[in-house]
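# Breakdown of the fold
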Amino acid sequence: MKSINTIQSIVLPLNRADVDTDQIMPKQYLKRIERSGYGPFTFDEWRKDPKFVLNNPLFQKAEILLAQRNFGSGSSREHAVWGLEDIGVRVVIAPSFADIFNSNCGKVGILCIQLEQEIVNELMSLAESDTGLELSINLEKQTILNENNNIKINFTIDNFLKHRLQNGLDEIGMTMQKEDSIKAFEETRSKIYPSTKSII
Amino acid sequence: MSTKKTLAQKIWDNHTVHKENGIPDLLFIDLHLIHEVTSPQAFESLRINNRKVRRPDLSIATIDHNVPTTDRTLPNPDPLSIKQIDALRENAKDFNIPLFDIFDPRQGIVHVISPEQGLTQPGMTIVCGDSHTSTHGAFGSLAFGIGTSEVEHVLATQTLPAPIPKMMQVHIKGRVNKGITGKDIVLAIINKIGVDGGIGHIIEFTGEAIRNLSMEGRMTICNMTIEAGARAGLIAPDKTTFDYVKNRPLAPKGEKWDEAIEYWETLYSDPDCEFDSYVELDGQEIEPFVTWGTNPAQSSPISGSIPDPSSIEDPAAKETAERALSYMDLEAGTKISKIELDKIFVGSCTNSRIEDLRAASEILKGNKVAKTIQAIVVPGSGLIKKQAEEEGLDKIFIEAGFEWREAGCSMCLGMNPDILKPGERCASTSNRNFEGRQGQGGRTHLVSPEMAAAAAIAGHFTDVRNI
């Protein structure tokens, strides 16, 4: 996964709550067995509306997505995150995130920043203005800045996730280093649990 | 720290492989369920990184999401589906993972086949690249959906790093009235706490109404826990649970059974343990529920009407309600019972088990589906289909005018040819009424199997208790 340190970009404002992953990546595109190339299908149905924010040329290079609460709800499909990644999104800001989506972002290397509803509303109105809103995000300092608009926001993030995102670390490799603990657990694990070995 | 634990904490602690300050706990996974849609990229990455599947003996695969439910001896019309199904076959073979292929009588929806085979047991940790993995919590196990990166993590290590969730108790006070199902209870819960009410939490469901439910009813409730945003949902195991598991092909046998029961009987939340939050519903107040919007919290009792979005105070909820009514082509104030339908779908990991089929067929017996309606019933597994046929349920459905199909996810998410056309309105026993979920432009109303059957006969929603 790509590492994240500082991101400076215009903000793509998606002023909707409860945006589910069926909208981000409709099911007809989940039949692909590839890991890349999901960008063109992202928000496929909503993009048919010429007024949909993703069709606005101002936001073509946006790396920061600003949304409302419960972003990424519903299906566990990581394809939704791969789609966002493929259209260039590096950071999503929202008042809350669905758990599986949030976790998937952390594995792919997209930073989810949770901010209070009122702050999101203020940023949203600036981002939806004619000129849009440019933000600088610094993961090391955990800050969101725009000097022209006098914006200085501190955000919180789990330290371990921060470490992984900053260094683009493969979590599987990290877990494999705990081989001894896994082996020890397996040896003492109860024998009552089922095995699929007998299934033919 | 208190030594009194919730059920979920007990299971969590029993599965913690590694604990260290500042990093997520590493949990051992007892069972990994695999299907064709969310696994190909995980297997591909294993190959690229030259990694093995650590515990194929704790993994099982099935094909469910994109299989046709019509005659499977005919060629699959979709080349992309064929490719994805073939990929799973190849991956299962290469990595020694047992697979229920499409002509195996045990094939079916991943969350149906695992309990059916006795693989799902109390006290286990169970994951799958599918959000409805929460279903298995009905057995008092800790079960949650994961993304494809996590699927790869579990394949490679049989563990998963996970931040400790918060605990919520949802208590149903007293009994529910006759005719009220697990589906109505869970829709009432989601209506109360909202689609984001459970974020970051594991929900334990308690109360007499929950205890009185069969395993099928409990599975319906835990299945839809994800629709309230929760990571997982569970119900403490009891005699109903043990009776369901006993004698299934992979259930413990002989001495192991006695040992298992001894352990399973310790699986409950300690009296006076602490939950982070508590929600209570009065069982007597729960009516048959119908969703009217585009998320599962936008719902109403059958006696109610479509709400007026202008009466909603919260701006975000108001905006989503306005959008939902526009998408669903419904007007505020319309009685739920006046909503007319085009299609009926009985199926999905929420409501496709034998009890669901019995309940729907009981309503349909001696009746005909309205002329304006096309109705299909898709059993959750090949074995359920067979059992239903032995009980003669297929004949009741067919005589009423339903199509009797092969097992799979089908119209719940429309990855196979079973989809709604734009503008079609469907009463569905599935779990999501999102925009386009059952087909682009399709309109979905979530209900119980009984309510779906009643609507099939009437052509519009109607209170099943009056039939």
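Each chain carries its own residue numbering, running from 1 in the direction its sequence is written. Note on labels: chains are lettered from A, ligands numbered from 1, in written order. With pLDDT at 70 or above as the cut-off, local features in this predicted model cover only qualifying residues; side-chain atom pairs require 80 or more to be listed or tallied, and sums for whole chains, interfaces and linings still use all residues. As a rule here, side-chain values cover all heavy atoms of the structure and leave hydrogens and water aside.

## Here's the deal with the overall build of chain B
Let me state the cut-off plainly: Put simply, DSSP marks the helices as runs of H or I at least four residues long and the strands as runs of E at least two long, and each gets a number from the N terminus on. In this description the radius of gyration comes from C-alpha coordinates, and the expected globular size is given by 2.2 Å times residues to the power 0.38. The rule is simple: take the accessible area with a 1.4 Å probe, protein chains only, and divide by the maximum for that residue type; under 20% is buried, over 50% is exposed, in between is partly exposed. Residue contacts are defined here by distance: any two heavy atoms, one from each residue, within 4.5 Å place the two residues in contact. Residue-level accessible areas treat just the shown protein chains as cover; the underlying method is Shrake-Rupley with a 1.4 Å probe. Charge assignment: positive for Lys and Arg, negative for Asp and Glu; neither His nor the chain ends contribute. A charged residue contributes its charge at one atom only: NZ of Lys, CZ of Arg, CG of Asp or CD of Glu.
Secondary structure summary: chain B contains 15 helices and 19 strands in total. Scaling as 2.2 N^0.38, a compact globule of 467 residues should have a C-alpha radius of gyration of about 23 Å, and chain B matches this with 21 Å. Counting over 467 residues, chain B shows a buried share of 66%. Considering only residue pairs separated by 6 or more positions, chain B has 76% of its internal contacts joining residues 24 or more positions apart. Per element, the accessible surface of chain B, about 16,400 Å² overall, is 49% carbon and sulfur. A gap of 2 Å separates the mean positions of the 48 positive and 64 negative side-chain charges of chain B.

## Some remarks on the pattern of salt bridges
The criterion, for reference: Take a side-chain nitrogen of Lys or Arg and a carboxyl oxygen of Asp or Glu: if they are within 4 Å of each other, that pair is a salt bridge.
The final tally for this structure, using the stated rule, is 44 salt bridges over all chains. One salt bridge in this structure joins B:D13 and B:K5, with 2.8 Å as the shortest N-O distance. According to the relative accessible area criterion, B:K5 is partly exposed, its value standing at 30%. A salt bridge links B:R323 to B:E435; the shortest N-O distance between them is 2.9 Å. Taken as a pair, B:R323 in helix α11 (residues 315-328) and B:E435 in the loop between β18 (425-428) and β19 (443-446) lie far apart in primary sequence, 112 residues in all. Taking relative accessible area as the criterion, B:R323 reaches 25% and is therefore assigned partly exposed. Among the residues examined, B:E435 registers a relative accessible area of 13% and is labelled buried. Three or more residues joined by partner-sharing salt bridges are found here, namely A:E179, A:K183, A:E186, B:R54, B:R55 and B:D57.

## Remarks on the packing of aromatic side chains
Residue and element names in this part refer to chain A. To keep things clear, this is the line we draw: Centre distance within 6.5 Å is the pairing criterion for rings of Phe, Tyr and Trp, where only the six-membered ring of Trp is used; planes under 30 degrees apart are then read as stacked, over 60 as edge-to-face, and the remainder as tilted. We count a charge as sitting over a ring when the NZ of a lysine or the CZ of an arginine lies within 6 Å of the ring centre and within 35 degrees of the ring normal.
A complete count under the given rule lists 13 aromatic pairs over all chains for this structure. A ring pair is formed by F43 and W46, whose centres lie 5.9 Å apart and whose planes are at 15°; its orientation type is stacked. The same class applies to F43 as to W46, namely buried. A ring pair is formed by F43 and F52, whose centres lie 5.6 Å apart and whose planes are at 55°; its orientation type is tilted. Site record: aromatic cluster; members linked through ring pairs are F43, W46 and F52. The lysine or arginine in question, R32, covers the ring of Y38, its NZ or CZ lying 4.6 Å from the ring centre.

## Some thoughts on a negative patch on the surface
Definition in use: What makes a patch is a set of residues exposed beyond 30% relative accessible area and free of salt bridges, joined within 9 Å when like-charged and within 5 Å when nonpolar (Val, Leu, Ile, Met, Phe, Trp, Tyr).
A surface patch of like charges, here negative, comprises B:E255, B:D258, B:E259, B:E262 and B:E265. Assignment of secondary structure puts B:D258 in helix α10 (residues 255-264).

## Some thoughts on the environment of A:I157
All names here are of chain A. In this fold, I157 is placed in the loop between β7 (151-154) and α5 (159-167). For the pair I157 and W82, spaced 75 residues apart in sequence, the C-alpha to C-alpha distance is 22 Å. Ignoring any residue separated from it by four or fewer positions in sequence, one finds I157 in contact with L111, L139, Q142, K162 and L165.

## Section: the nonpolar core
Residue and element names in this part refer to chain B. Under the convention used in this document: Only buried residues count toward a nonpolar core, which is a set of Ala, Val, Leu, Ile, Met, Phe, Trp, Tyr and Cys residues joined through side-chain atoms within 4.5 Å.
If you look at the biggest cluster of nonpolar residues, it comprises 93 residues, and the most contacted ones within it are F43, L155, F205 and W264. What F205 contacts, discounting residues up to four positions off in sequence, is V170, I189, I210, I221, C222, T225, G233, L234 and I235. Ranked by size, the runner-up nonpolar core spans 83 residues in total, among them I302, I384, L393 and A453.

## Observations concerning the pairing of β7(A)
To keep things clear, this is the line we draw: In this description, strands pair whenever DSSP reports at least two bridges between them.
Only one face of β7(A) is covered, namely the one carrying A:I151 and A:I153; the face carrying A:K152 and A:N154 has none of its residues buried. Two successive antiparallel strands, strand β6 (residues 143-146) of chain A and β7(A), enclose a turn made up of 4 residues, where A:N150 displays a positive phi of approximately 60°.

## A short note on the sheet that holds strand β10 (residues 201-206) of chain B
All names here are of chain B. Stated formally: Working convention: axes come from line fits to C-alpha atoms, limited for helices to the stretch in contact. Angles between N-to-C directions cover 0 to 180 degrees.
One open sheet accounts for 4 strands, arranged β11-β10-β9-β12; its pairing is parallel. Each edge of the sheet is formed by a strand with only one pairing partner; in this case those strands are β11 (232-234) and β12 (277-282). The average undirected angle you get between the axes of adjacent strands in this sheet is 20°. As paired strands, β10 and β11 are joined by 3 bridges and run parallel to one another. Each bridged residue has a counterpart across the sheet, and for E204 the counterpart in β11 is L234.

## Here's the deal with the confidence of the model for chain B
For the record, the criterion: Per residue, pLDDT measures the predictor's confidence, with a range of 0 to 100.
On average, residues of chain B score 97 in pLDDT, and 100% of them reach the 70 mark or higher. Our summary of model confidence lists the complex with pTM equal to 0.97 and ipTM equal to 0.97.

## Some details on the interface of chain A and chain B
Interfaces are often sized by the amount of accessible area the parts lose when they come together. For the record, the criterion: Defined in terms of a 1.4 Å probe, buried area is the accessible area two parts forfeit on being brought together, summed over both. In the analysis that follows, any N or O atom pair within 3.5 Å is treated as a polar contact, provided that within protein one partner can donate a hydrogen and the other can accept it, and provided that, for residues neighboring in sequence, both atoms belong to side chains. Gly counts as polar in this scheme, as do all residues outside two lists: the nonpolar Ala, Val, Leu, Ile, Met, Phe, Trp, Tyr, Cys and Pro, and the charged Asp, Glu, Lys and Arg.
Taken together, the contact pairs 63 residues of chain A with 89 residues of chain B. A buried area of about 6,000 Å², summed over both sides, lies between chain A and chain B, and 56% of it is on carbon and sulfur atoms. Looking only at chain A, the three residues that lose the most surface to chain B are A:K27, A:K31 and A:I192, adding up to 13% of its buried area. Our count for the chain A to chain B interface comes out at 10 salt bridges. For B:D78, the salt bridge identified is with A:K31, shortest N-O distance 2.5 Å. Put simply, chain A and chain B have 35 residue pairs in polar contact (both at pLDDT 80 or more) between them. Of all the secondary structure elements, the ones that give two or more residues to the side of chain A that touches chain B are α1 (21-24), α2 (79-86), α3 (99-108), α6 (171-176) and α7 (179-188) of chain A. Per element, the largest residue contribution to the side of chain A that touches chain B is 6 residues, and it comes from α7(A). For the side of chain A that touches chain B, the class distribution of residues is 19 nonpolar, 18 polar and 26 charged.

## Concerning the state of the cysteines
Residue and element names in this part refer to chain B. Test applied: Counting rule for disulfides: a pair of cysteine sulfur atoms within 2.5 Å.
Inspection of every chain in the model, using the stated rule, returns 0 disulfides over all chains. Of all cysteine sulfurs in the structure, the one in C222 sits closest to C273, which takes part in no disulfide; the separation is 17 Å. What makes C273 buried here is its relative accessible area of 13%. No disulfide involves C409; its nearest neighbouring cysteine sulfur is the one of C349, lying 6.6 Å away. Exposure remark for C409: the relative accessible area of 7% places this residue in the buried category.

## Some points on unusual backbone geometry
All names here are of chain A. Its identity as a non-glycine residue notwithstanding, N70 has a phi of 60°, on the positive side. Position of N70 relative to the elements: it lies in the loop between β2 (64-67) and α2. In this structure, N150 takes a positive phi of about 60° despite not being glycine. Inspection of the secondary structure assignment puts N150 in the loop between β6 and β7.

## Here's the deal with the side chain of B:N223
All names here are of chain B. With respect to the helices, strands and loops of the structure, N223 is situated in helix α8 (residues 215-223). For N223, a relative accessible area of 0% gives the class buried. Within the local environment of N223, its side chain forms a polar contact with the backbone oxygen of C349, the two atoms lying 3.4 Å apart. Excluding residues that lie within four positions of it along the chain, N223 makes contacts with H132, S134, T135, C349, T350 and N431.

## Examining the pairing of β10(B)
Using the following cut-off: Call a crossover right-handed when, viewed with both strands pointing away from you, the route from the first strand across the helix to the second goes clockwise.
Counting buried residues in β10(B) gives 6 out of 6 residues, a clear majority hidden from the surface. Regarding topology, helix α6 (residues 182-193) of chain B serves as the crossover connection from strand β9 (residues 166-173) of chain B to the parallel β10(B), and that connection is right-handed.

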